[in-house]
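Summary of structural features
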Amino acid sequence: MRHHTLQIGPFRYHIESNVPNVETAMERLYDRYPHPAEDSWFDFHIRLIPRAIGSSECRLFLDHEQPFAPFPRNQAGAVLEWGMNWSIWLNVAQWLVFHAAMLERNGNGLILAANSGDGKSTLTAGLAFHGWRLLSDELTLIDPEDTRTIEDGEPPLPQMIPIPRPICLKNESVSLIREFVPEAIFSDLYPETNKGCIAHVKPREEAVRRMHERVSPRWIVFPKYEKGALPQWSRWDKAEAMIQLGQNGVDYSTLGAKGFETLADVIHHCDCWKFVYSNLADAVSEFEKLTSGRLEE
C-alpha cells in the first residue's frame, strides 16, 4: 500500500492506494504540491483498494465511510478526484461551498457557475492556460469571516479560497483541450465512467505556487455551450444570479442568515453575466472584455 500526502489550499489529504492508475495520477498531476509529513494532522483520509483479491473492481473510503458503489479498477484515478471533491462537499461547513469554477486575473476573481454539460470545465481549462490563474474547477469556496472593506457604506467583500486541483474534462472536451493547449499534461483516460470518458488536466505551476493567495470576487458568469453559436454576452439579473448560485450551494442554508448575507454581499460586488459560445478560442478572447471593462461600454 502506497501512502501520499498533499496540501491543496487550506486542506491536507492523506491518500492510501495500491491501484496502478492512482499511482500514475499522483506522479503525473500532483508532483508540484507540498507533501506534509505523514505524522501531521490531515483533514481528509482517502483509501482506494481492490474490492477483493484478484477483483477487477475497487472501493473508495473516506475515513471509514464508502460514499460510492464499487467501480472498475481502470476508473480509480477519476473516482479519487471525485472523492476529494466529496470530502469538501460533505465536511466543510464554515464556508460557503458552491458547484462552480473560479479563476483570477489581475487580482480580480471570476466565478463560472453552470449546469452539467454546459461547457464550464472546458472554458475553465481554456482560460487557465491563457492568462487566468486557476483557483478551482469544481468547487467555489467563500469565507464569510474573511472580508475586505471597499468603501464606507458598502457591504464587506467576502474572499474566495483557492483549491487548485486538476481540471476534469469529459468526452470531446479532452481532445479539444489537447489541441488548444498542446503543452498541457493529462492524466490517463478513464473510460465508461458514469460521466463518460474522463481525463484530468494538470494545473499550471503558478496556480499551485500561489494557492494560498485569496481573491476578491469581481465577476459571476453563467456560460453555456451552444453548437454553432456566436459569442454573446447578456446581463444576468442579480436576483436571478443569487437564486441560481444558491441552488448550486451545499451549505448555503446550513449557515442560515450568515450564508444569505454573505452570498448577497458577493452578488452586490460582482458584475453578473450570461455567456453563450461554441468556439473555445473565440470564448477565451471574449473574456478579455471583462478585464478591459469593454462589456460596460
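Parameters at a glance
Residues numbered from 1 in each chain as written. Predicted model: local features only at pLDDT ≥ 70, side-chain atom pairs only at ≥ 80, totals over all residues. Heavy atoms only, no water. Helix = DSSP H or I, 4+ residues; strand = E, 2+ residues; numbered from the N terminus. Rg over C-alpha atoms; globule rule 2.2 N^0.38 Å. Buried < 20%, exposed > 50% of the residue type's maximum accessible area, 1.4 Å probe, protein only. Contact = heavy atoms within 4.5 Å. Lys, Arg positive; Asp, Glu negative; His and termini not counted. Charge placed at Lys NZ, Arg CZ, Asp CG, Glu CD. Pairing = 2+ DSSP bridges. Axes fitted to C-alpha atoms, helices over the stretch in contact; angles between N-to-C directions. Parallel < 35°, antiparallel > 145°, perpendicular 65-115°, else oblique. Left-handed = near helix turned anticlockwise from the far one by under 90°. Nonpolar A, V, L, I, M, F, W, Y, C, P; charged D, E, K, R; others polar. Salt bridge = Lys/Arg side-chain N within 4 Å of Asp/Glu carboxyl O. Disulfide = S-S within 2.5 Å.

**Regarding the overall build of the protein chain**
Per the secondary structure count, the protein chain includes 9 helices and 17 strands. Rg of the C-alpha trace for the protein chain: 19 Å, near the compact-globule value of 19 Å for 297 residues, within the 12% margin. With the principal axes as the frame, the protein chain shows a C-alpha extent of 65 × 45 × 30 Å. Sorting the 297 residues of the protein chain into buried and exposed places 54% on the buried side. Considering only intrachain contacts with a sequence separation of at least 6, the fraction spanning at least 24 residues in the protein chain is 72%. In the protein chain, the 30 positive side-chain charges and the 41 negative ones have mean positions that sit 4 Å from each other.

**Focus: the pairing of strand E10 (residues 139-148)**
Most of E10 sits inside the fold, with 7 of its 10 residues counted as buried. In the sheet, strand E6 (residues 96-99) pairs with E10 via 4 bridges, with the strands oriented antiparallel. The residue bridging Val97 from the neighbouring strand is Leu141, located in E10. As paired elements, E10 and strand E11 (residues 157-160) share 4 bridges and run antiparallel to each other. Of the residues in E11, the one forming a bridge with Ile142 is Met160.

**Some points on the packing of helix H6 (residues 238-247) against helix H7 (residues 256-269)**
The geometry of H6 relative to H7 is characterised by a closest axis approach of 10 Å and an angle of 135 degrees between their N-to-C directions. When the interaxial angle is binned, H6 and H7 end up oblique. Considering how the two elements wind past one another, H6 and H7 form a crossing that is right-handed. Every residue of H7 that contacts H6 at Lys238, Ala241, Met242, Leu245 and Gly246 is listed here: Phe260, Leu263, Ala264, Ile267 and His268. In terms of residue class, the contact of H6 with H7 is made up of 7 nonpolar, 2 polar and 1 charged.

**Considering the pattern of salt bridges**
Inspection of every chain in the model, using the stated rule, returns 20 salt bridges. When the shortest N-O distance is used, the salt bridge between Asp31 and Lys202 registers 2.5 Å. Taken together, the positions of Asp31 in the loop between helix H1 (20-29) and strand E3 (44-50) and Lys202 in the loop between strand E14 (196-201) and helix H5 (205-209) put the pair 171 residues apart, joining distant regions of the chain. Here Asp31 falls in the partly exposed class, since its relative accessible area comes to 44%.

**Description of the sheet that holds strand E12 (residues 167-170)**
Pairing within the open sheet is antiparallel, and its 3 strands lie in the order E12-E14-E13. At either margin of the open sheet sits one strand with a lone partner, and together these are E12 and strand E13 (190-193). Between one strand and the next, the sheet's axes are offset by a mean angle of 35 degrees, whatever the strand orientation. Strand direction decides the pairing type here: E12 and E14, joined by 4 bridges, are antiparallel. Looking at E14, one finds that Lys170 is bridged to Ile198.

**With respect to the sheet that holds strand E15 (residues 216-225)**
If you walk across this open sheet you meet the 6 strands as E9-E7-E8-E15-E17-E16, and the pairing is mixed. Two strands bound the open sheet, and with one partner strand each, they are strand E9 (133-136) and strand E16 (232-235). Across the sheet, the mean angle separating the axes of adjacent strands is 30 degrees when strand polarity is ignored. The sheet contact formed by E15 and strand E17 (residues 271-277) spans 7 bridges and is parallel. Considered in E17, the bridge of Lys224 is made with Val276.

**So, the state of the cysteines**
Summed over all chains, the structure comprises 0 disulfides. We note that Cys58 lacks a disulfide partner, and the nearest cysteine sulfur, in Cys197, lies 18 Å from it. Its sulfur unpaired, Cys270 is 6.1 Å from the next cysteine sulfur, which belongs to Cys272. In this structure Cys270 comes out as buried when scored by relative accessible area, which is 1%.

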